Amino acid sequence: MLGWTEILGLAAGAFTTAAVVPQIWKAWKTKEVEDVSPGMFFVLITGLGLWIVYGVIQKDIPIMATNGLAFLLNSFMIFLIFRYREK
């Protein structure tokens with residue numbers, strides 16, 4: 001059974017992970033990414049990768065799970081940026 005700190009961690013991680021979903025949805029629907037900074041997403045996924053490593057070291061499931069999902073979502077956004085960016 002999860003304690004309140006794990007539940008808090010999962011809730012916080014769920015909100016921060018979900019923050020990128022509207023941007024992904026907009027990019028997917030409109031295929032417009034000219035105003036989206038790939039640099040910001042590269043910095044963000046680097047930080048998320050480090051959080052994943054930290055979570056593994058600490059054996060912290062909420063940190064590993066939420067940052068792992070956020071890493072995948074933000075990596076997908078990078079893919080969309082390069083797929084739809086005008087050359």
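Residues numbered from 1 in each chain as written. Predicted model: local features only at pLDDT ≥ 70, side-chain atom pairs only at ≥ 80, totals over all residues. Heavy atoms only, no water.

(A) Focus on unusual backbone geometry. Unusually for a residue other than glycine, Lys31 sits at a positive phi of about 60 degrees. Position of Lys31 among the secondary structure elements: in the loop between helix H2 (21–30) and helix H3 (38–58). Residue Lys31 is classed as partly exposed on the basis of its relative accessible area, which comes to 47%. Positive phi outside glycine occurs at Lys59, with the angle close to 55 degrees. (Helix = DSSP H or I, 4+ residues; strand = E, 2+ residues; numbered from the N terminus. Buried < 20%, exposed > 50% of the residue type's maximum accessible area, 1.4 Å probe, protein only.)

(B) A look at the side chain of Asn67. Examined against the element boundaries, Asn67 turns out to sit in helix H4 (residues 61–84). The class of Asn67 is buried, set by a relative accessible area of 13%. Once residues lying within four places of it in the same chain are set aside, the contact partners of Asn67 are Leu48, Trp51, Ile52 and Pro62. (Contact = heavy atoms within 4.5 Å.)

(C) Structural detail: the packing of aromatic side chains. Counted by the stated rule, this structure contains 4 aromatic pairs. Look at Phe42 and Phe82: their rings are 6.2 Å apart centre to centre, the planes differ by 45 degrees, and that puts the pair in the tilted class. With Phe42 in helix H3 and Phe82 in helix H4, this pair connects stretches of sequence that are 40 residues apart. Both rings, one in Trp51 and one in Tyr54, keep their centres 5.5 Å apart while their planes meet at 90 degrees; by these two values the pair is edge-to-face. On the criterion of helical spacing, the pair formed by Trp51 and Tyr54 is a turn pair, its members being 3 residues apart in helix H3. When its relative accessible area of 40% is taken as the criterion, Tyr54 is described as partly exposed. (Phe/Tyr/Trp six-rings, centres within 6.5 Å; stacked < 30°, edge-to-face > 60°.)

(D) Geometry of the confidence of the model for the chain. For the chain, mean pLDDT is 94; residues scoring 70 or higher make up 99% of the total. Helix H1 (residues 4–18) is the least confidently modelled element of the chain, averaging 90 in pLDDT, while H3 averages 97, the highest of any element. (pLDDT = per-residue confidence, 0-100.)

(E) Quick look at H3. For H3, spanning 21 residues, the distance from its first C-alpha to its last is 30 Å, which sits close to the expected 30 Å at 1.5 Å a residue. Along H3, the positions that sit buried rather than exposed are Pro38, Phe41, Ile45, Leu48 and Gly55. One side of H3 holds all its buried residues, which, seen down the axis, span an arc of 90 degrees. Turned more than 90 degrees from where H3 packs its buried face, Val43, Thr46, Leu50 and Ile57 sit exposed. Where H3 is buried, its residues meet H2 and H4. (Expected span 1.5 Å × (residues − 1). Arc of directions from axis to C-beta.)

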